[in-house]
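Working through the structure, step by step
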Amino acid sequence: MQTPFDCYVGLGSNLYQPIQQIIAALALLKTLPETTVIKNSYLYCNPPMLSVENPDPQPDYVNAAAWIQTTLTPDILLTYLQKIEIASGRQRSEKKWSSRTLDLDILLYGNLQINLPHLVIPHRGILERAFVLIPLHDCNPHLILPTGIPIKAFITPEMQQQLTRID
């Protein structure tokens with residue numbers, strides 16, 4: 001039997017009842033083949049990231065993370081995550097950081113480092129985004145990033161103030 005990899009999935013939504021979108025996605029992660037959900041984070045509310053390409057106002061996001069163990073390859077896991085997004089009504093936009101019903105990202109996959117046009121692991125911007133780092137820390141406060149640095153070294157008090165925990 002193949003040894004499973006520790007993987008971390010980021011979840012985000014800001015359309016069509018975002019809390020319910022995240023809760024439903026977390027439940028669907030439990031149905032993935034060759035995969036076990038170890039733990040999920042709290043849910044957090046945070047303002048959207050705006051960009052030059054997409055300066056339009058949009059609703060706040062709900063974000064979370066899930067720690068899973070899987071023997072699925074990164075590409076196959078990505079395919080399953082994209083199927084969950086589509087089932088939630090996700091429509092891809094050309095605009096970066098646009099509103100969405102559901103966004104599922106592979107944040108970390110063991111200590112792998114992948115840089116392909118369709119898949120980058122560790123996920124881009126992971127160290128600068130409170131809505132990624134704090135949920136990751138919830139899942140595993142002892143997490144060591146592929147760089148060998150503990151995740152808690154990147155979390156600042158300012159980051160913690162950017163998020164509102166949903167209880």
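Report on the accompanying structure. (Residues numbered from 1 in each chain as written. Predicted model: local features only at pLDDT ≥ 70, side-chain atom pairs only at ≥ 80, totals over all residues. Heavy atoms only, no water.)

1. Here we look at the packing of aromatic side chains
All told, the structure shown has 2 aromatic pairs when counted by the stated rule. Here Tyr-8 and Trp-67 contribute two aromatic rings whose centre-to-centre distance is 5.7 Å and whose plane-to-plane angle is 25 degrees, an arrangement assigned as stacked. Highlighted residues: Tyr-8 in strand β1 (residues 5-13) and Trp-67 in strand β4 (residues 61-70), separated in sequence by 59 residues. Owing to a relative accessible area of 17%, Trp-67 belongs among the buried residues under this scheme. The ring of Tyr-80 is capped by Lys-83, whose NZ or CZ atom sits 5.7 Å from the centre of that ring. The positively charged end of Arg-165 is found above the aromatic ring belonging to Tyr-42, 3.6 Å away from the centroid. (Phe/Tyr/Trp six-rings, centres within 6.5 Å; stacked < 30°, edge-to-face > 60°. Helix = DSSP H or I, 4+ residues; strand = E, 2+ residues; numbered from the N terminus. Buried < 20%, exposed > 50% of the residue type's maximum accessible area, 1.4 Å probe, protein only. Lys NZ or Arg CZ within 6 Å of the ring centre and 35° of its normal.)

2. Remarks on helix α2 (residues 74-87)
Here α2 contains 14 residues, and its C-alpha end-to-end distance of 20 Å stays within 8% of the 20 Å for a straight helix at 1.5 Å per residue. Looking at α2, one finds that the buried residues are Pro-74, Leu-77, Leu-78, Leu-81, Ile-84 and Glu-85. Taken around the axis of α2, the buried residues stretch over an arc of 120 degrees, which confines them to a single face. Along α2, the residues that are exposed and aim more than 90 degrees away from the buried face are Lys-83, Ile-86 and Ala-87. Elements in contact with the buried residues of α2: β1, α1 (18-29), β4, β5 (103-109), β6 (114-116) and β7 (119-121). Looking one or two places after α2, you find Gly-89, whose phi comes out positive at around 100 degrees. (Expected span 1.5 Å × (residues − 1). Arc of directions from axis to C-beta. Contact = heavy atoms within 4.5 Å.)

3. Section: helix α3 (residues 130-139)
Across the 10 residues that make up α3, a large majority, 9, are buried. The complete set of buried residues in α3 reads Ala-130, Phe-131, Val-132, Leu-133, Ile-134, Pro-135, Leu-136, Asp-138 and Cys-139.

4. A word on the pairing of β1
The buried fraction of β1 is high, at 7 of 9 residues. Looking at chain direction, β1 and β5 are connected through 6 bridges and run antiparallel. Of the residues in β5, the one forming a bridge with Tyr-8 is Leu-108. (Pairing = 2+ DSSP bridges.)

5. Observations regarding the nonpolar core
One finds Leu-11, Ile-22, Leu-29, Leu-77, Leu-81, Leu-104 and Ile-106 to be the most contacted residues of the largest nonpolar core, which totals 25 residues. When sequence neighbours within four positions are dropped, the list of residues in contact with Leu-81 reads Val-9, Leu-29, Leu-32, Leu-104 and Ile-106. Formed by 20 residues, the second largest nonpolar core is a distinct cluster that contains Ala-65, Leu-108, Leu-143 and Ile-155. (Core = buried A, V, L, I, M, F, W, Y, C linked by side-chain atoms within 4.5 Å.)

6. Quick notes on the environment of Asp-138
Mapped onto the elements, Asp-138 comes out in helix α3. Assessed through its relative accessible area of 16%, Asp-138 is described here as buried. Along the backbone, Asp-138 and Leu-15 are 123 residues apart, and their C-alpha atoms lie at a distance of 24 Å. At 3.3 Å, the side chain of Asp-138 forms a polar contact with the backbone nitrogen of Tyr-42. (Polar contact = N/O pair within 3.5 Å; in protein donor to acceptor, adjacent residues only side chain to side chain.)

7. A few points about unusual backbone geometry
That bond from Ile-121 to Pro-122 is cis: its omega, -5 degrees, falls within 30 degrees of zero. Tracing the backbone through its elements, the reader meets Pro-122 in the loop between β7 and α3. One non-glycine residue, Tyr-16, lies in the positive phi region at around 55 degrees. As for its position among the elements, Tyr-16 is in the loop between β1 and α1. Classification of Tyr-16 as exposed rests on a relative accessible area of 64%. The backbone of Gln-17 shows a phi angle near 60 degrees, a positive value even though the residue is not glycine. Residue placement: Gln-17 occurs in the loop between β1 and α1.

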